[in-house]
Amino acid sequence: MRKTSWLTLALLLSGTMAMAQLKSPDQFLPHRLGETFTPHDMLVDYMEHVAANSSIVRLTRYGLTNQKRPLMLLAISSPENMARLDAIRQNNLRRAGLLDGKPDPSLDVAIVWLSFSVHGNEAAGSEASMQVVYDLVNPANTQSANWLKNTVVLIDPSLNPDGYSRYSHWYRNVANLKPDPNPRAREHREPWPGGRVNHYMFDLNRDWAWQTQVESQQRIKIYYDWMPHVHADVHEQFYNNPYYFAPAAQPYHTYITQWQRDFQTQIGKNHARYFDSNGWLYFTREVFDLFYPSYGDTYPTYNGSIGMTYEQGGHSRAGRAIVLHNADTLTLKDRVMHHHSTALSTIEVSSQNAAQLVKNFDDYFTKSRTNPPGIYKTYIIKGSNPRGKLLGLCELLKKNGITYGKAETPVSAKAYDYQTGKETTVKIEANDLVISAYQPRAILTQVLLDPNSELVDSNTYDITSWTLPYAHGVESYATSQRINVKAGYDPATPAALAAGSKPYAYLATWNAMNNARFLSEVLQGGVVVRFASSGFRLEGKAYPAGTLVLTRADNRKNDKFDEVVQRAARSHQQEITAVSTGFADSGRDLGSDAMTLVNTPKIAVLSGENTFDNEFGQVWYYFEQDLRYPLSIFDAGELGGLNLNDFNVLILPEGQYNLDDATLDKLNTWINGGGRLIAVGYAVSSLEDKKGFSLTTYATEDAKTSANKARDEDMLARRLMRHEDHSRDWISGSNPGSVFKLRLDNSHPLGFGLPDYYFSLKTNSLHYQHLKGVSNVGTTGEDLMISGFIGSKARAEQKNTTVFGVQQKGQGAVIYMVDNPLFRGFWENGKLLFSNAVFFAGR
């Protein structure tokens with residue numbers, strides 16, 4: 001007994017001493033909160049200080065960014081809850097049906113997750129996180145101690161450390177000694193690309209579901225370890241705007257439950273109490289909707305949470321102080337106080353309603369497992385799809401915690417055909433990938449896989465279609481029938497090559513991104529590669545156009561030819577066939593000029609202020625991470641002085657380029673000499689009606705005259721439109737993001753490896769009637785098949801247009817990509833199309 005008493009006393013004394021050493025942010029930092037921006041390393045130091053000096057904090061470093069900055073999560077609760085923290089976490093997973101076993105009611109507490117500054121230059125969130133943490137752990141704060149008795153609070157103080165560091169270091173370098181509130185001053189003019197984006201210039205708040213970026217991948221893993229009941233994503237917006245908090249604007253996705261809607265309102269009313277008492281302006285139910293699934297509010301919502309966005313006026317323009325339109329001055333301290341208030345209010349209202357949160361969380365997942373809400377209950381991905389595409393889709397499903405497998409027994413079912421948009425009967429076979437909606441993450445499954453999501457209000461904030469079968473380019477079906485699924489799925493493994501084999505040639509399939517990675521590696525290994533410009537048959541097997549041909553004759557001086565090819569094939573799970581002859585059964589022989597040499601790409605990519613940061617980053621990421629292929633990056637302003645003869649491929653990412661006559665002449669000369677120019681998205685408009693380029697909006701002068709006449713008539717008809725109707729009228733000409741089925745000429749190298757159609761994610765309203773003097777490879781017709789929303793006027797303009805075209809010029813080519821096939825890095829089928837442009841098109 002005496003030993004136990006002394007041990008208890010020692011622990012109490014130790015805890016008391018630790019608390020005595022705990023410092024507030026103002027005491028710990030070399031500045032007071034709100035005086036300036038805290039560098040990320042100091043932010044990390046403070047969180048580690050709190051964890052070292054408080055017994056009610058557990059700090060986890062859950063990963064590293066591209067630039068090797070730490071990603072952190074702090075768990076904070078009462079001493080009693082901290083002693084059983086892992087048991088609480090596991091019990092919550094049992095409530096969701098994600099862990100075996102019966103939940104223990106004695107372990108039920110509310111779990112609240114606060115995410116700060118996913119956009120790095122919205123830095124007031126990370127600043128506020130330090131005060132929030134201190135107020136929760138401060139032993140003198142009896143109010144927060146009471147909340148923590150039935151609540152676990154999880155805090156991620158900086159979701160985007162690389163972007164936060166880019167912004168905070170820039171600001172501290174340029175800021176005056178005293179804040180200059182003039183909006184035109186240097187300290188309010190953050191340079192390109194800004195701190196909003198991560199290292200690869202991706203918007204991490206659009207990446208939750210796709211998980212292309214390392215920050216997202218690592219965060220979702222630990223998020224799924226917890227599955228919080230409430231998640232608040234702390235942002236900033238234009239500095240003149242008042243504070244925004246829940247409830248969200250329409251459209252809400254129809255799968256969002258009434259409880260999730262109602263509790264958003266309850267939280268918002270609690271925030272309003274504090275804002276009202278302080279006289280702070282705010283707004284709700286406007287602008288920020290709950291539809292697109294890859295946000296920091298919607299993704300948690302589709303995972304059973306009360307997901308919300310909080311938006312403080314500020315971001316990079318506000319600095320430490322800025323004069324508003326109403327002549328008031330907004331300070332960094334103001335912004336920190338507002339975020340601090342909503343963060344603590346969120347915890348407070350969650351604690352007050354802990355029992356209801358747990359009950360409704362349990363109900364959400366029970367209903368998901370037993371009665372998922374959508375029309376479609378089973379999704380069938382045919383096993384005949386390219387193996388690389390099946391592997392890619394399975395990997396994404398796995399990242400999102402979505403279970404899949406095979407049908408227990410072969411069966412036929414009436415189903416929606418994603419390829420045609422019509423009902424059909426599909427035979428579900430033994431090798432098909434089958435995904436049942438009867439699983440814990442039913443809502444997320446249906447949101448990501450449904451062919452169309454119901455949009456109750458077309459005035460939405462982001463893209464309106466993201467359907468995974470279209471993004472991955474896989475033949476798929478959806479049925480309202482429940483199909484029993486047995487767990488486990490592995491596409492057929494390609495046959496292994498015989499050890500030590502030295503064939504006449506290797507023939508490699510080309511129909512998925514793993515094939516492009518294989519090609520990238522062998523080219524960098526010095527292997528000479530050809531591609532088949534037309535189909536052929538050899539040794540009893542058919543090979544389509546686009547097949548990679550690697551002959552011993554072309555590589556007779558490369559003594560590592562077989563080693564490089566076979567290693568790359570294993571590494572990328574490349575389907576490859578060793579053949580003993582070049583004599584074709586039908587079609588062209590392997591020595592024919594129809595087997596076109598792949599000219600090893602030497603890539604130049606433009607960047608800088610003329611380019612859109614996200615879209616440049618998508619190209620950069622594609623080469624460095626998806627393809628693992630070298631590239632050189634130049635500022636777009638340097639194009640006039642760039643020696644293009646050092647490169648054979650030049651890429652203009654989406655942007656707005658001012659190409660003068662001298663630069664256009666230089667480009668034309670280079671292209672005629674064998675260069676390939678790839679223009680993506682809005683970059684194509686910089687080539688419109690320019691000398692040497694065949695890109696025009698209208699095919700004929702009559703078509704142009706007719707369009708101008710229709711536009712004038714529309715403007716006349718709108719002269720007496722009511723002011724309140726103008727925003728809705730604007731929507732008729734907009735395209736926030738929808739998916740179009742294109743006719744694809746897959747006999748052209750730009751279409752190799754794809755069927756005769758392609759589902760293109762269209763995020764702009766650019767439209768070009770079928771071009772003259774150009775191979776119109778990807779086109780729309782009179783009848784459009786569309787998933788998602790596009791305004792009626794914009795829809796009409798997209799009829800009979802060219803989306804992907806190739807203009808041959810001398811020995812080179814211009815490749816027009818009106819739609820961006822690399823959008824946000826998740827349109828996997830677009831990556832294959834882009835690979836065709838890089839390696840084949842124009843050859």
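Criteria and cut-off values
Residues numbered from 1 in each chain as written. Predicted model: local features only at pLDDT ≥ 70, side-chain atom pairs only at ≥ 80, totals over all residues. Heavy atoms only, no water. Helix = DSSP H or I, 4+ residues; strand = E, 2+ residues; numbered from the N terminus. Rg over C-alpha atoms; globule rule 2.2 N^0.38 Å. Buried < 20%, exposed > 50% of the residue type's maximum accessible area, 1.4 Å probe, protein only. Contact = heavy atoms within 4.5 Å. Areas by Shrake-Rupley, 256 points an atom, 1.4 Å probe, with all protein chains shown as cover. Lys, Arg positive; Asp, Glu negative; His and termini not counted. Charge placed at Lys NZ, Arg CZ, Asp CG, Glu CD. Expected span 1.5 Å × (residues − 1). Arc of directions from axis to C-beta. Pairing = 2+ DSSP bridges. Axes fitted to C-alpha atoms, helices over the stretch in contact; angles between N-to-C directions. Parallel < 35°, antiparallel > 145°, perpendicular 65-115°, else oblique. Core = buried A, V, L, I, M, F, W, Y, C linked by side-chain atoms within 4.5 Å. Salt bridge = Lys/Arg side-chain N within 4 Å of Asp/Glu carboxyl O. pLDDT = per-residue confidence, 0-100. Nonpolar A, V, L, I, M, F, W, Y, C, P; charged D, E, K, R; others polar. Polar contact = N/O pair within 3.5 Å; in protein donor to acceptor, adjacent residues only side chain to side chain.

Colleague: Tell me what's going on with the overall build of the chain, and back it up with residues and numbers.
Modeller: Tallying secondary structure elements over the chain gives 25 helices and 36 strands in all. For 843 residues, the compact-globule formula gives about 28 Å, and the C-alpha radius of gyration of the chain, at 29 Å, lands near that figure. Taken along its principal axes, the extent of the C-alpha atoms in the chain is 90 × 65 × 55 Å. Taken over 843 residues, the chain has a buried fraction of 59%. Long-range contacts, defined here as pairs at least 24 residues apart, represent 78% of the contacts in the chain between residues at least 6 apart. Roughly 33,200 Å² of accessible area belongs to the chain as shown, and the carbon and sulfur atoms make up 49% of that amount. Taking the 84 positively charged and 86 negatively charged side chains of the chain as two groups, their mean positions are separated by 4 Å.

Colleague: An account of the side chain of S77 is requested, with residue identities and associated values reported.
Modeller: Within the fold, S77 resides in the loop between strand 2 (70-76) and helix 4 (79-83). Judged by its relative accessible area of 0%, S77 falls in the buried class. Not counting chain neighbours up to four residues away, the residues in contact with S77 comprise I56, M82, L148, T151 and V152.

Colleague: Explain helix 21 (residues 661-672) residue by residue, including any values.
Modeller: Between its first and last C-alpha atoms helix 21 spans 16 Å; for 12 residues at 1.5 Å apiece the expected length is 16 Å, and the two agree. T663, L664, L667, N668, W670 and I671 are the residues of helix 21 that are buried. Seen from one end, helix 21 has its buried residues packed into an arc of 165 degrees, which puts them on one side. Opposite the packed face of helix 21, turned more than 90 degrees from it, sit the exposed residues D661, A662 and T669. On its buried face, helix 21 is in contact with strand 29 (649-652), strand 30 (676-680), strand 35 (802-809) and strand 36 (812-817). Of the residues flanking the end of helix 21, it is G674, one or two places downstream, whose phi is positive at about 125 degrees.

Colleague: A description of the sheet that holds strand 20 (residues 505-508) should follow, citing residues and the corresponding values.
Modeller: Strand order in the open sheet formed by five strands is 25-20-24-21-26, and the pairing between neighbours is antiparallel. Edge positions in the sheet fall to strand 25 (576-579) and strand 26 (595-597), since each has one partner strand and no second. Mean inter-strand twist for the sheet, computed between neighbouring axes without regard to direction, equals 30 degrees. The sheet contact formed by strand 20 and strand 25 spans four bridges and is antiparallel. For A508, the partnering residue across the bridge sits in strand 25 and is I576. Sheet strands in contact with helix 18 (residues 513-524) are strand 20, strand 24 (548-551) and strand 25, and its direction is about 30 degrees off that of strand 24.

Colleague: Account for the packing of helix 3 (residues 40-52) against helix 6 (residues 124-137), with residues named and values stated.
Modeller: Following both chains from N to C, one finds helix 3 and helix 6 inclined at 10 degrees, their axes separated by 11 Å at the closest point. Considering their axes alone, helix 3 and helix 6 lie roughly parallel with respect to each other. Judged by residue contacts, L43, Y46, M47 and V50 of helix 3 engage S126, S129, M130, V133, Y134 and V137 from helix 6.

Colleague: Which residues make up helix 25 (residues 828-839), and what are the values?
Modeller: With 12 residues, helix 25 extends 17 Å between its outermost C-alpha atoms, agreeing within 8% with the 16 Å of an ideal straight helix rising 1.5 Å per residue. Judged by how many residues are buried, helix 25 sits mostly within the fold: 11 of 12 residues are covered. Within helix 25, burial applies to N829, G830, K831, L832, L833, F834, S835, N836, A837, V838 and F839.

Colleague: How would you summarise the nonpolar core if you had to cite specific residues and measurements?
Modeller: Among soluble globular proteins, nonpolar side chains are generally buried collectively. Counting residues in each nonpolar core, the largest one holds 222 residues, and the members touching the most others are L550 and F623. Counting residues per element, this core draws most heavily on helix 20 (residues 613-627), at seven residues. Residue contacts for L550: discarding those within four places in its chain leaves A505, Y506, A508, F518, V522, V527, V528, V529, F561 and V565. Of all hydrophobic cores here, the second largest spans 11 residues; its members include F37, A128, V174 and V336.

Colleague: An account of the pattern of salt bridges is needed here, citing residue identities and associated values.
Modeller: Applying the stated criterion to the full structure yields 29 salt bridges. Across the salt bridge formed by R530 and D554, the nearest N and O atoms sit 2.6 Å from each other. Of this pair, R530 sits in strand 21 (residues 530-532) while D554 sits in the loop between strand 24 and helix 19 (561-571), and the two are 24 residues apart along the sequence. The class for R530 is buried, based on a relative accessible area of 19%.

Colleague: Describe the pairing of strand 3 (residues 110-116), and please don't skip the residues or the numbers.
Modeller: The element strand 3 is largely enclosed, with a buried count of seven among its seven residues. Judged by which residues are buried, strand 3 turns out to be covered on both faces: A110, V112, L114 and F116 on one side and I111, W113 and S115 on the other are all buried. Here strand 3 pairs with strand 4 (residues 151-156) via six bridges, running parallel. Each residue of the ladder has a partner; that of V112, found in strand 4, is V153. Pairing of strand 3 with strand 5 (residues 230-237) involves five bridges; the strand directions are parallel. When the sheet's bridge partners are listed, S115 is paired in strand 5 with D233.

Colleague: Tell me about the confidence of the model for the chain, residues and numbers included.
Modeller: A residue-level look at the chain finds 97% of positions with pLDDT of 70 or above and a mean pLDDT of 95. In this model residues 1-18 is a low-confidence stretch, pLDDT under 50, and it forms one contact with partners more than four residues away in sequence or in other chains.

Colleague: Break down the packing of helix 18 against helix 20 for me, with residues and values.
Modeller: The geometry of a pair of packed helices is captured by two quantities: the angle between their axes and the separation between those axes. Here helix 18 crosses helix 20 at 85 degrees, and the two axes come no closer than 10 Å. The angle between helix 18 and helix 20 places the two elements in the roughly perpendicular class. Of the residues in helix 20, those in contact with M513, A516, R517 and S520 of helix 18 are Y622, D626 and L627. Classifying every residue of the contact of helix 18 with helix 20 gives four nonpolar, one polar and two charged.

Colleague: Could you give an account of the environment of D432, naming the residues involved and the relevant values?
Modeller: Residue placement: D432 occurs in the loop between strand 16 (422-428) and strand 17 (433-436). Between the alpha carbons of D432 and Y489 there is a distance of 8.7 Å; along the sequence they are 57 residues apart. Once residues lying within four places of it in the same chain are set aside, the contact partners of D432 are I380, I381, K382, G383, G405, K406, K427 and Y489. Reaching out from D432, the side chain makes a polar contact with the side chain of K382 at a distance of 2.8 Å.

Colleague: Which residues make up the environment of A478, and what are the values?
Modeller: Here A478 is to be found in strand 18 (residues 476-479). Along the chain, A478 and V411 lie 67 residues apart, while their C-alpha atoms are 14 Å from each other.

Colleague: Please provide a residue-by-residue account of unusual backbone geometry, values included.
Modeller: Note that the residue after W192, namely P193, is joined by a cis bond; omega there is 0 degrees. Among the structural elements, P193 can be located in the loop between helix 8 (161-174) and helix 9 (214-226). Cis rather than trans, the peptide bond between Q250 and P251 has omega equal to 5 degrees. Looking at the element boundaries, P251 is found in strand 7 (residues 249-252). Unlike most non-glycine residues, Q211 shows phi in positive territory, near 55 degrees. When you line up the elements, Q211 lands in the loop between helix 8 and helix 9.

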